[in-house]
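# Structural characterization, general
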Amino acid sequence: MSAALPPSLPMPPDGFGPSELLQLGTGADEDEPCLRADAARNRARLLEAAGRLVAEHGAAALTMEAVAAEARVGKGTVFRRFGDRTGLLAALLDHSERKFQAALLSGPPPLGPGAPPVERLRAFGCALLRRSIDELDLQLAAEPSAERRHTAAPRRFLLGHLALLLREAVPDGDSELLSHTLLAYLDAALIHHLTAQCGLSPERLRTGWLDLVARVTRTDPAV
């Protein structure tokens, strides 16, 4: 299911250095700078093929053999690059995380720098909702275990981003706790429950996010 949702960090919060923000911890891209150009192209080709398969058939149907056939390479190439299906799913999520982080750090406003903090908060939630709905199977398949859910590097990055915007928008608020509250609304498992099990529309989730931001920041709801 996809939704028509509209498309940050001037300085990182305490404990987050610029080099840490893009370290997602999957290990899939640690050797990326050393890859030969052809190997890098092959890896991108495999990830594009895997992404198409997930979009068409869901993450549960993703196999190494299917990716090889979609990318028109030998099955051994896929295994050599990603190790196994778990490694492939991690690489797919890592690729998506990096693109989203890049949009927050250096993309056009209001998602990227250059817009007021409340506008960036609105854009952040709408963009993450759209991404989660489009990649819901992948997000659920790669969900960290309970003990790691709140300490995984991608989540820490998103929390830090939200906390920074909240410090600007609500200087008298507890930005750390509020960032957890806002990110909980955008949790992939909750989105799956609300859309697939409760039948809520993506547009209702979007409206709910804008209302939540307005209440937390004590601003007028977005039109």
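Right above here is the structure, for reference.
Let me begin by describing the structure that accompanies this report. (Residues numbered from 1 in each chain as written. Predicted model: local features only at pLDDT ≥ 70, side-chain atom pairs only at ≥ 80, totals over all residues. Heavy atoms only, no water.)

### Comments concerning the packing of aromatic side chains
Put simply, the rule reads: Each pair of aromatic rings taken from Phe, Tyr and Trp, with Trp reduced to its six-membered ring, is defined by centres within 6.5 Å and is described as stacked if the planes are under 30 degrees apart, edge-to-face if over 60, and tilted in the remaining cases. Under the DSSP-based scheme used, a helix requires at least four consecutive residues in state H or I and a strand at least two consecutive residues in state E, with every element numbered from the N terminus. Residue burial is assigned from relative accessible area. The probe radius is 1.4 Å, only protein chains are included, and a residue is buried under 20% of its type maximum, exposed over 50%, and partly exposed in between.
For the structure on display, the rule yields two aromatic pairs. On the numbers, 6.1 Å between centres and 55 degrees between planes, the contact of Phe-100 with Phe-124 is tilted. Taken as a pair, Phe-100 in helix H5 (residues 85-106) and Phe-124 in helix H6 (residues 117-134) lie far apart in primary sequence, 24 residues in all. In terms of burial, Phe-100 and Phe-124 fall into one category: buried. With centroids separated by 6.0 Å and ring planes inclined at 45 degrees, the aromatic side chains of Tyr-185 and Trp-209 adopt a geometry described as tilted. Of this pair, Tyr-185 sits in helix H9 (residues 175-185) while Trp-209 sits in helix H11 (residues 202-217); the two residues are 24 residues apart in sequence, bridging distant segments of the chain. Trp-209 sits in the buried class, given a relative accessible area of 0%.

### Side note on the packing of helix H8 (residues 153-169) against H9
Rules: Helix axes are fitted to C-alpha atoms over the stretch in contact, other axes to C-alpha atoms as well, and angles between N-to-C directions run from 0 to 180 degrees. Should an angle fall under 35 degrees it is called roughly parallel, over 145 degrees roughly antiparallel, and 65 to 115 degrees roughly perpendicular, with every other angle called oblique. The crossing is said to be left-handed when, going from far helix to near helix, the turn is anticlockwise and less than a right angle, and right-handed when the turn is clockwise. Residue contacts are defined here by distance: any two heavy atoms, one from each residue, within 4.5 Å place the two residues in contact. When residues are sorted by character, Ala, Val, Leu, Ile, Met, Phe, Trp, Tyr, Cys and Pro go into the nonpolar class, Asp, Glu, Lys and Arg into the charged class, and all the rest, Gly among them, into the polar class.
At a closest axis distance of 8 Å, the pairing of H8 and H9 adopts a crossing angle of 120 degrees. With respect to H9, the axis of H8 lies oblique. The element H8 and its partner H9 pack so that their crossing is right-handed. Residues Arg-155, Leu-158, Leu-159, Leu-162, Ala-163, Leu-166 and Arg-167 of H8 form the contact with H9, whose participating residues are Ser-175, Leu-178, Ser-179, His-180, Leu-182 and Leu-183. Of the residues in the contact of H8 with H9, the class split is eight nonpolar, three polar and two charged.

### Quick look at unusual backbone geometry
Phi is mostly negative for residues that are not glycine, and the peptide bonds are mostly trans. With omega at 10 degrees, the peptide bond leading from Pro-109 into Pro-110 counts as cis. Counting through the fold element by element, Pro-110 comes out in the loop between H5 and H6. Even without glycine at this site, Arg-72 takes up a positive phi of about 60 degrees. Within the secondary structure, Arg-72 sits in the loop between helix H3 (64-71) and helix H4 (75-82). The residue Arg-218 is not glycine, and still its phi comes out positive at about 55 degrees. Within the secondary structure, Arg-218 sits in the segment after H11.

### A closer look at the nonpolar core
Soluble globular proteins tend to bury their nonpolar side chains together. To be explicit about the condition: The criterion is simple. A nonpolar core is a set of buried Ala, Val, Leu, Ile, Met, Phe, Trp, Tyr and Cys residues joined through side-chain atoms within 4.5 Å.
Grouped together as the largest cluster of nonpolar side chains are 33 residues, with contacts concentrated most on Leu-121, Phe-124, Leu-158, Leu-183 and Trp-209. If you list the elements that add at least two residues to this core, you get H5, H6, H8, H9, helix H10 (188-197) and H11. Counting residues per element, this core draws most heavily on H6, which supplies nine residues. Residues within four places of Leu-121 in sequence aside, it is in contact with Leu-162, Leu-165, Leu-166, Ala-169, Leu-182, Trp-209, Val-213 and Thr-217. Ala-59, Phe-82, Ala-91 and Leu-92 belong to the second largest nonpolar core, which has 19 residues in total.

### Re the pattern of salt bridges
Put simply, the rule reads: Salt bridge criterion: a side-chain nitrogen from Lys or Arg within 4 Å of a carboxyl oxygen from Asp or Glu.
Overall, the coordinates contain eight salt bridges when judged by the stated rule. Residue Arg-131 pairs with Glu-135 through a salt bridge whose shortest N-O separation is 3.5 Å. The exposure class of Arg-131 is buried, given its relative accessible area of 9%. Classification of Glu-135 by relative accessible area gives partly exposed; the value is 21%. As a salt-bridge pair, Arg-218 and Asp-172 come within 3.0 Å of each other at their nearest N and O atoms. Linking Arg-218 in the segment after H11 with Asp-172 in the loop between H8 and H9, this pair joins segments that are 46 residues apart in sequence. Exposure class is identical for Arg-218 and Asp-172. Each is exposed. One continuous salt-bridge network, built from bridges that share partners, spans Glu-97, Arg-131 and Glu-135.

### Comments concerning H10
Put simply, the rule reads: Along the arc lie the directions from the helix axis toward the C-beta atoms. Throughout this description, a polar contact denotes any pair of N or O atoms lying within 3.5 Å of each other; where both atoms belong to protein, one of them has to be capable of donating a hydrogen while the other can accept it, and for residues adjacent in sequence the pair is counted only when both atoms sit in side chains.
If you check which residues of H10 are buried, you get Ala-188, Ile-191, Leu-194 and Thr-195. Burial along H10 is one-sided: seen end-on, the buried residues are contained in an arc of 130 degrees. Opposite its buried face, H10 presents the exposed residues Ala-196 and Gln-197, each directed more than 90 degrees away. At the N-terminal boundary of H10, the capping side chain belongs to Asp-187, with an oxygen 3.1 Å from the backbone nitrogen of Ala-189. Count one or two residues on from H10 and you reach Gly-199, which has phi positive near 75 degrees.

All we've got here are geometric facts, nothing functional implied.
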